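Inside the fold
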Amino acid sequence: MNLHVCALALLLFGSIATVRGRAMDLVDDSNDVDNSIEAEEKPRNRLIEADWLKFIKTPPTKMQQAEGATIEIVCEMMGSQVPSIQWVVGHLPRSELEDLESNQVAEEAPSAIVRVRSSHIIDHMLSEARTYTCVGRSGSKTIYASTVVHPARSSRFVPEKTYPGPQKPRIIYTEKTHLDLMGSNIVLPCKVHARPRAEITWLNNENKEIVQGHRHRVLPSGDLLISEIKWEDMGNYKCIARNAVGKDTADTFVYPVLKEEED
């Protein structure tokens, strides 16, 4: 099956799927207005089709922090290769956003199509309004969208301090879907915000805990490496992050695609 046909099917599925929500104190949580910006494509010498990248969920344009509340800003996108997402705090001109170096290690996966979810956690009281920008990249494509978070009135002009005490895990970087050709090596990320540090385990597509093996390995970072993916690897993989005060989970659907025969 053609990778782009699979991608369109996943986009449609994602748009109608029910997503588990997280509690936020929002001023405007409407995504009816697209606040994303797409940078002009920079030409590159390549032997594959043009890169593409699309927002699945843009962050809200503005949010209001409640006193003592932790805020989570969510950004989700899908694209060719393995898109990377990073967050920029503070206002930057468009030219600087486009030229910003990514803090994510880019994977060499020219045949992949991946849907990525990232969130930024604000676990301290803001003293002034602040801009948070989700920047996504895939090859030569860059897109971004910003959220302005306003502080609680009682905390304005007060020194900012991180909330004390433990915090339950929140998975802040994961892939919702990952399509790639059979025989490819893929890495499924699972980045966690927690205090104290969370323990990470993975369940495979048979809902069994993954033990270190020849083709399936949980890396020291908590990411899952699947080597030389096969058709039987297709299915849902679950990352579980636990600490003393709670847990969080995130699912990734892996879809191995049969290589097209060369003429």
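Since this is a predicted model, take the numbers as computed values, not measurements. (Residues numbered from 1 in each chain as written. Predicted model: local features only at pLDDT ≥ 70, side-chain atom pairs only at ≥ 80, totals over all residues. Heavy atoms only, no water.)

**Considerations on the overall build of the protein**
To keep things clear, this is the line we draw: Strands here are runs of E lasting at least two residues and helices are runs of H or I lasting at least four, both read from the DSSP assignment and numbered beginning at the N terminus. When a residue's accessible area, from a 1.4 Å probe over protein chains only, is under 20% of the maximum for its type it is buried; when over 50% it is exposed; and in between it is partly exposed. Only heavy atoms matter for contacts: two residues are in contact if any of them lie within 4.5 Å across the pair. Accessible surface is estimated by sampling points in the Shrake-Rupley manner with a 1.4 Å probe; for residues, cover comes only from the protein chains shown.
Counting its regular elements, the protein contains 2 helices and 16 strands. Relative to its 263 residues, the protein shows a buried fraction of 46%. Excluding contacts between residues fewer than 6 apart, the proportion of contacts in the protein whose partners are at least 24 apart in sequence is 73%. Working note: accessible area of the protein is about 14,400 Å², and carbon and sulfur atoms make up 52% of it.

**Topic: the packing of aromatic side chains**
Threshold: When the centres of two rings from Phe, Tyr and Trp lie within 6.5 Å, Trp using its six-membered ring, the rings pair. Their planes under 30 degrees apart give stacked, over 60 give edge-to-face, and anything left gives tilted.
Taken as a whole, this structure holds 1 aromatic pair when the rule is applied. The interplanar angle of 90° and the centroid separation of 6.0 Å between the aromatic rings of W231 and Y255 together place this pair among those described as edge-to-face. Taken together, the residues span a long stretch of sequence, with W231 in the loop between β14 (224–226) and β15 (235–243) and Y255 in strand β16 (residues 246–257) at a distance of 24 residues. We classify W231 as partly exposed; its relative accessible area is 44%. According to the relative accessible area criterion, Y255 is partly exposed, its value standing at 22%.

**Observations regarding the pattern of salt bridges**
Operational definition: A carboxyl oxygen of Asp or Glu within 4 Å of a side-chain nitrogen of Lys or Arg is what we treat as a salt bridge.
All chains considered together, the criterion is met by 7 salt bridges. As a salt-bridge pair, D223 and K191 come within 2.9 Å of each other at their nearest N and O atoms. Taken together, the residues span a long stretch of sequence, with D223 in the loop between β13 (216–218) and β14 and K191 in strand β11 (residues 190–195) at a distance of 32 residues. Overall, D223 belongs to the buried group, its relative accessible area being 8%. In this structure, D251 and K238 form a salt bridge, with 2.8 Å as the shortest nitrogen-oxygen distance. Of this pair, D251 sits in strand β16 while K238 sits in strand β15, placing them 13 residues apart in sequence.

**Here we look at the state of the cysteines**
Throughout this description, disulfide means a covalent bond between two cysteine sulfur atoms. Quick note on the threshold: Disulfide: a pair of cysteine sulfur atoms within 2.5 Å of each other.
Scanning all chains against the criterion turns up 2 disulfides. Sulfur-sulfur distance for the disulfide between C75 and C134 comes to 2.0 Å. Between C75 and C134, the S-S dihedral sits near -70°, and the bridge is therefore left-handed. Taken together, the positions of C75 in strand β4 (residues 71–80) and C134 in strand β7 (residues 130–138) put the pair 59 residues apart, joining distant regions of the chain.

**Topic: the nonpolar core**
Let me state the cut-off plainly: We define the nonpolar core as a collection of buried residues of types Ala, Val, Leu, Ile, Met, Phe, Trp, Tyr and Cys that are connected through side-chain atoms lying within 4.5 Å of one another.
In this structure, I73, M77 and V149 are the most contacted members of the largest nonpolar core, which totals 22 residues. Of all the secondary-structure elements, those providing two or more residues to this core are β2 (53–57), β4, β5 (84–89), β6 (113–122), β7 and β8 (141–150). The element best represented in this core is β4, accounting for 4 residues. In this view, V149 contacts M63, Q65, I71, I73, I122, L126, E128, A129, R130 and Y132; residues no more than four positions away in its chain are not counted.

**Quick look at the environment of W87**
Looking at the element boundaries, W87 is found in strand β5. Owing to a relative accessible area of 15%, W87 belongs among the buried residues under this scheme. Distance from W87 to Y144, taken between C-alpha atoms, is 9.5 Å for residues 57 residues apart in sequence. Setting aside anything within four residues of it in sequence, one finds W87 in contact with I73, V74, C75, S118, S119, H120, Y132, T133 and C134.

**Overview of the environment of K259**
Topologically, K259 is positioned in the segment after β16. As for K259 and M182, which are separated by 77 residues in sequence, their C-alpha atoms are 6.8 Å apart. With residues near it in sequence (within four places) discarded, K259 still touches L181 and M182.

**Brief notes about the pairing of β15**
Heads up, the condition is: Only when DSSP finds a minimum of two bridges between them are two strands counted as paired.
Of the strand pairs in this sheet, strand β12 (residues 199–203) and β15 are connected by 5 bridges, and their pairing is antiparallel. Note on β15: the bridge partner recorded for L203 is K238. Relative to β16, β15 runs antiparallel, the two sharing 9 bridges. Paired with R242 across the strands is K247, a residue of β16.

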